[in-house]
Amino acid sequence: MYDVIVIGGGHAGCEAALASARMNHKTLLVTGNINNIADMPCNPSIGGSAKGIIVREIDALGGEMGRNADKSLFQMKMLNSSKGPAVRSLRAQADKITYPKEMLKTLKSTNNLEILEAMVKELIVENNKVKGVILEDGNKIKSKTVIMTTGTYLKSDILVGSTRIRKGPHGEQTSNYLSDNLKKLGFNIKRLKTGTPPRIDKSSIDFSKTRVETGDDTPYTFSFDNNIYYNVNNQVPCHLIYTTENTHKIIKDNLNKSSMYGGLDDIKGVGPRYCPSIEDKIVRFSDKERHQLFLEPESIYYDDIYLQGFSTSMPVDVQEKMVHSLPGLENAKILKYAYAIEYDAIDSRQLNLSLETKVIENLYTAGQINGTSGYEEAACQGLIAGINASLKLKGKDPLILKRSEAYIGVLIDDLITKGIMDPYRMLTSRAEYRLLLRNDNADMRLTEYGYQIGLISDLKYKKFVDKKESIDRLINELKIKKIIPNSLGNNFLREMNTTEIKDSITLYDLLKRPEIKIDYLKDLFGKYSKDVLEQVEISVKYEGYIKKALKDAEKFNELDSKKIPSDIDYSKIKNLASEARQKLENIRPTSIGQAMRISGVNPVDISLIMVYIKKEYFYDRK
Amino acid sequence: MNDTICAISTPLAPGAISIIRMSGSEAISIANKVFIGKNLEKVNDHTINYGHVYDGDELIDEVMVSVMREPNTYTREDIIEINAHGSVASAKRILTLLLKSGCRLANPGEFTERAFINGRIDLVEAESVMDIIDSKSEKSLSMAVNQLSGSTSNKIKDIRKKISDIESNIEVNIDFPEYDDITVLSNEIIKPKLVEISDELHTLLNNSKDSKIIKDGIDTVIIGKPNVGKSSILNKLLEEDKAIVTDIPGTTRDIVEGSVDINGIRLNLIDTAGIRYTDDVVESIGVKKSLDLIDKASLIIFVLNNNTEITKEELDILNKIKDKNYIIIVNKIDLEKKIDDSNLNNVVYMSTINNIGIDQLKDIITKMYELDKINIKDFNYLSSARSISLIEKAIISIDKSIKAIEEGMPIDIVEVEINEASEYLGDILGINYKEDLFDQLFSNFCLGK
């Protein structure tokens, strides 16, 4: 008897299994192919705008992705560094060999965690409670909870031109039974679609026709452990090229051969809006003369180059022509053809905010099965599902992060409250309070939770507490120390190209000036780490904006704290719009704040609900 | 929520037709109980039907009853309107009878609240309904009607769209930074756009402030020495005996108010105790009040006596009003001229007894406010204090974003303020949700509609 069975060994599955095992629960990870654990079937990168911050949050909560990415990256960039602190985010080129290898090593060395190579056929369910799984070979394995992280492996079809093959990524075996089982149990199954571009043999590319894209000179890490494994001075570059007129002509001439444009007539899957195929881009943005493509190395151990921006479901002969129309790729050798993949997912609105399903108790789902896209989005859900399954086993309340606390909170709330139409990718604009959800302060926001849960070691926690104290100390120093309006003081200011003073000014107020960087002042106060300096600089410079965001978030959270009784009968609320009534009945929001975020529920409906709760709910119950 | 409400929706003034309105699922059946004439439950939709209202055997009134079935009604519920031809008293009796027969008395603004809740009108429209009810002059009414057509909503939507265009471009820049072929919105690019938006909001706001004069009227104080004819002038304007007019100095100690519509401009007239320096304690309080009113009023009508010389008190007042909008009336021109009017401006010569000068006074007021120059049709304005303050807040946010640009703040910080402006505009349109918004809004409505 296991405490937790995790079905699937992708990014969500690894985090889920590690979290529950580390929280002292006997965990079994079931995967179709042990060699595919923590596989990166699409782009060879971790992070990106907003996604990089999610990785930091995973790390602060005690997840593995940040550390594992640090061990496997060969190029690192801070995105949006020219913009404000709120939108900075890390993006790494991660090695597709090293990343899974390191993750497998970690899994294997974790106590309470076993790995089994098998396919799950069905869930064992009694009285709407999950009790374990039945494997395709008929074996039954019992457990108290099950976490499904099946990725794209539910009835996946690989689509290339007019062919449809029932296979998972890399031609892996797909699960033919599990989604039917879920459907029978009461889940609404939807079909989603995503795609991946061709891989090109590095030696066949003429890089002289491309633009080199390098990493940043400053070393960065995802993890707050701050261990740098890569050589900052010897990062592997990417390369930038653009599509040509000829590329566009080839695509237009062959459009009807693409699976999505007539090659197949039974496409049901909805593809991601934010990651369109190259034929989509050319059809939808027909006035654009060219599109950007990145050549990204997949690994330092082999020669595949990932052609980012060129995902397609054209037949292979057209793909050959398309690739050869690109500058520098005239003689390119395609090692793997691009494909689209269709797969089953559940309706995420059938979940609670804890990621436990509303349909079957003790069953959790995370990752692409919930309709998201992306390694980071999957990993953070896996972590939360693992944490909450464990907390439930301990009889504790689930960890539910607020929208003002973490991108993870935004993501899960969006999934549960709004549901998804197309695969969900995190964007900074999905967060209301991104000035609070920064790359630099993920540890300040979440380490405490990670420590309370038991996923953050005492050592790491002590480091966090020290950092927090240093931040306070430095702020205090800045508030006390002043520059006097004498010739010495004003000379100093003149040197920094800032306005001279008539009255003395604290370093704190001086730092508020946009032209003053904290580095300019560092001889005037004690010694602090780079991280501390960064945090303090941001919190001083943007103090007004941060305070305002905090205030807004407080108001927002107040609405989230207005609870809707779980047994509320929406049919008793007169005048509710029927669309709103239906959605409220399906989603059953737990708070007024959550109800407000449901599309199709209008302010008037909210008024009616609140009036009903205030005036009539208690009466109706009597 | 679904019960049937009723109220007298016309002013409780004698002479006019009174309308008693009902809304709700039982409106027709309840009306049918008290109505003798055609069977209202069987008559065609949107018809008006002649008959009588009876309380038992007792005839209360001869009426016309409009039957309007949902959803094509103001509230999207069944609506009955009873046009009663008799006195206010009989309208009240009909109301009482309906309440007895199963209706509930409507709360202030409840008809409009239902219209809003049932999706018939948006917030901006709901507010302008309040204006129609409130509007006491013709000009103001036509402005309110214009707003119902949604031109103000459209203007705000238009500005909001401009803001969201900027926002979405910034978002794309942030979330897809690797794409160098998307225009990167720099502070330099967006600054002129923000200035333009700020200007448009200012125009909207100024129009709104002008419109307040039209809608709420101009506070006009009539001031002068005792017995100079203030109250007579007031009465001439009001054309009824509201103020106490006597020839004993000092009788108008209380301030008497009345409103008058002069060629579409509403004046809120404030009569004052006559101003003279006195030992009488009670009267001196009145005098002080009168002097204070000069500061508060938007228009001062200062009345002098043709038959006496200008006194010390009057010179003080002339001095006090010289920087304000004022009109001087030299009254009692039927008597011998003793006044030295050589230094007076904006003078109307008047004899209230002989009806001379009142028309000139009205002309001067009309010209002063030049309403003809304002094209009401193109006039986008926001009526309520709430909308005006939201526009003001939006302007502050936009101006802050411009300031943030000047301070060299990064674009995502600048965007925080831009987002906020967009939210304020959304609030006016009722697009964003604010908890107490509805309570606040609907309690402002007067009873009836």
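Residues numbered from 1 in each chain as written. Chains lettered and ligands numbered in written order. Predicted model: local features only at pLDDT ≥ 70, side-chain atom pairs only at ≥ 80, totals over all residues. Heavy atoms only, no water.

A.B. asks: Just checking my understanding: could you explain the sheet that holds strand β4 (residues 73–79) of chain A for this structure?
C.D. replies: Through backbone hydrogen bonds, the strands of a sheet pair up, either in parallel or in antiparallel fashion. All names here are of chain A. If you trace the 3 strands from one edge of the open sheet to the other, you get β3-β5-β4, paired in antiparallel fashion. The sheet is open, and its two borders are formed by β3 (45–47) and β4, each paired with just one other strand. Going from strand to strand, the sheet's axes swing by 20° on average, the running direction of each strand aside. As paired strands, β3 and strand β5 (residues 89–94) are joined by 3 bridges and run antiparallel to one another. In the strand pairing of β5, Ser45 is matched with Gln93. Here helix α2 (residues 51–61) sits on the sheet in contact with β3 and β5, set at roughly 90° to β5. Across the sheet, helix α3 (residues 65–72) touches β3, β4 and β5, and the angle it forms with β4 is around 120°. (Pairing = 2+ DSSP bridges. Helix = DSSP H or I, 4+ residues; strand = E, 2+ residues; numbered from the N terminus. Axes fitted to C-alpha atoms, helices over the stretch in contact; angles between N-to-C directions. Contact = heavy atoms within 4.5 Å.)

A.B. asks: Got a minute to help me understand the state of the cysteines in this structure?
C.D. replies: In a disulfide, the sulfur atoms of two cysteines are held together by a covalent bond. Residues and elements named next belong to chain A. On inspection of all chains with the given rule, the structure shows 0 disulfides over all chains. The thiol of Cys14 is not disulfide-bonded; the next cysteine sulfur, from Cys380, is found 14 Å away. Residue classification places Cys14 among the buried residues on the basis of a relative accessible area of 0%. Sulfur of Cys238: no disulfide; nearest cysteine sulfur belongs to Cys42 and is 14 Å away. (Disulfide = S-S within 2.5 Å. Buried < 20%, exposed > 50% of the residue type's maximum accessible area, 1.4 Å probe, protein only.)

A.B. asks: What exactly am I supposed to notice about the domain arrangement of chain A here?
C.D. replies: Often, the extent of an interface is quoted as the loss of accessible area on bringing the components together. Residues and elements named next belong to chain A. When cut into domains, chain A gives domain 1 (2–192 + 342–451), domain 2 (199–341), domain 3 (457–546) and domain 4 (562–621). With 6 residues of domain 2 in contact, the opposing surface of domain 3 contributes 5 residues. Taking both sides of the interface into account, the surface hidden between domain 2 and domain 3 amounts to around 360 Å²; carbon and sulfur atoms contribute 29%. The interface formed by domain 2 and domain 3 includes 1 salt bridge. Two residues, Lys460 and Asp225, come together in a salt bridge whose shortest N-O distance is 3.2 Å. (Domains from an automatic or database assignment. Buried area = accessible area lost by both parts, 1.4 Å probe. Salt bridge = Lys/Arg side-chain N within 4 Å of Asp/Glu carboxyl O.)

A.B. asks: Hey, could you run me through the nonpolar core in this one?
C.D. replies: The nonpolar side chains of a soluble globular protein tend to be buried, and buried together. All names here are of chain A. Among the nonpolar cores identified, the biggest contains 100 residues, and Ile46 and Ile408 are the most heavily contacted of them. The biggest single contributor to this core is helix α9 (residues 375–393), with 10 residues. No fewer than three residues from each of domain 1 (2–192 + 342–451) and domain 2 (199–341) sit in this core. Every residue in contact with Ile408, bar those within four places of it in the chain, is listed here: Ile54, Glu57, Ile58, Leu61, Cys380, Ile384 and Leu401. (Core = buried A, V, L, I, M, F, W, Y, C linked by side-chain atoms within 4.5 Å.)

A.B. asks: Would you explain the side chain of Asn331 of chain B in this entry?
C.D. replies: Residues and elements named next belong to chain B. Assignment of secondary structure puts Asn331 in strand β12 (residues 326–331). Engagement of the side chain of Asn331 in a polar contact is seen with the backbone oxygen of Val228, the distance being 3.1 Å. In this structure Asn331 touches Val228, Gly229, Ile233, Val303, Leu304, Asn305, Asn306, Met350, Ser351 and Thr352, once residues within four positions along its chain are discounted. (Polar contact = N/O pair within 3.5 Å; in protein donor to acceptor, adjacent residues only side chain to side chain.)

A.B. asks: Even after reading the chapter, I still don't get the pairing of strand β6 (residues 79–84) of chain B, so can you show me in this structure?
C.D. replies: Where a strand is regular, its side chains alternate between the two sheet faces. Along β6 of chain B, 6 of the 6 residues are buried, which leaves the element largely enclosed by surrounding structure. Of the two faces of β6 of chain B, the one carrying Ile79, Glu81 and Asn83 of chain B and the one carrying Ile80, Ile82 and Ala84 of chain B are both buried.

A.B. asks: Looking at this structure, I do not really get the pattern of salt bridges. What am I missing?
C.D. replies: Should the charged atoms of two oppositely charged side chains come close, the side chains can pair. Residue and element names in this part refer to chain A. For the coordinates displayed, the defined rule picks out 60 salt bridges over all chains. Arg403 serves as the salt-bridge partner of Asp414, at 2.9 Å between the closest nitrogen and oxygen. Taken as a pair, Asp414 in helix α10 (residues 407–418) and Arg403 in the loop between α9 and α10 lie far apart in primary sequence, 11 residues in all. You'll find Asp414 and Arg403 in the same group, each marked buried. Taken together, the shared-partner salt bridges connect Asp157, Arg164, Arg166, Arg191, Asp266, Glu342 and Asp344 into one network.

A.B. asks: Mind showing me how you'd approach the environment of Thr10 of chain B here?
C.D. replies: Residue and element names in this part refer to chain B. Inspection of the secondary structure assignment puts Thr10 in the loop between β1 (5–8) and β2 (18–23). Separated by 189 residues in sequence, Thr10 and Asp199 have C-alpha atoms that sit 40 Å apart. Ignoring any residue separated from it by four or fewer positions in sequence, one finds Thr10 in contact with Ile17, Ser18 and Ile19.

A.B. asks: Is there a simple way to explain the packing of helix α12 (residues 458–480) of chain A against helix α15 (residues 530–541) of chain A in this structure?
C.D. replies: Helix-helix packing is characterised by the crossing angle of the two axes and by the distance between the axes. Residue and element names in this part refer to chain A. Taken N-terminus to C-terminus, the directions of α12 and α15 make an angle of 55°; their axes are 9 Å apart at the nearest point. Between α12 and α15, the angle falls in the class oblique. Note on packing geometry: the crossing formed by α12 with α15 is right-handed. Residue-level inspection shows Lys467, Ser470, Ile471, Leu474, Ile475 and Leu478 of α12 in contact with α15, the latter providing Asp531, Val532, Leu533, Gln535, Val536, Ser539 and Val540. Of the residues assigned to the contact of α12 with α15, the class counts are 8 nonpolar, 3 polar and 2 charged. (Parallel < 35°, antiparallel > 145°, perpendicular 65-115°, else oblique. Left-handed = near helix turned anticlockwise from the far one by under 90°. Nonpolar A, V, L, I, M, F, W, Y, C, P; charged D, E, K, R; others polar.)

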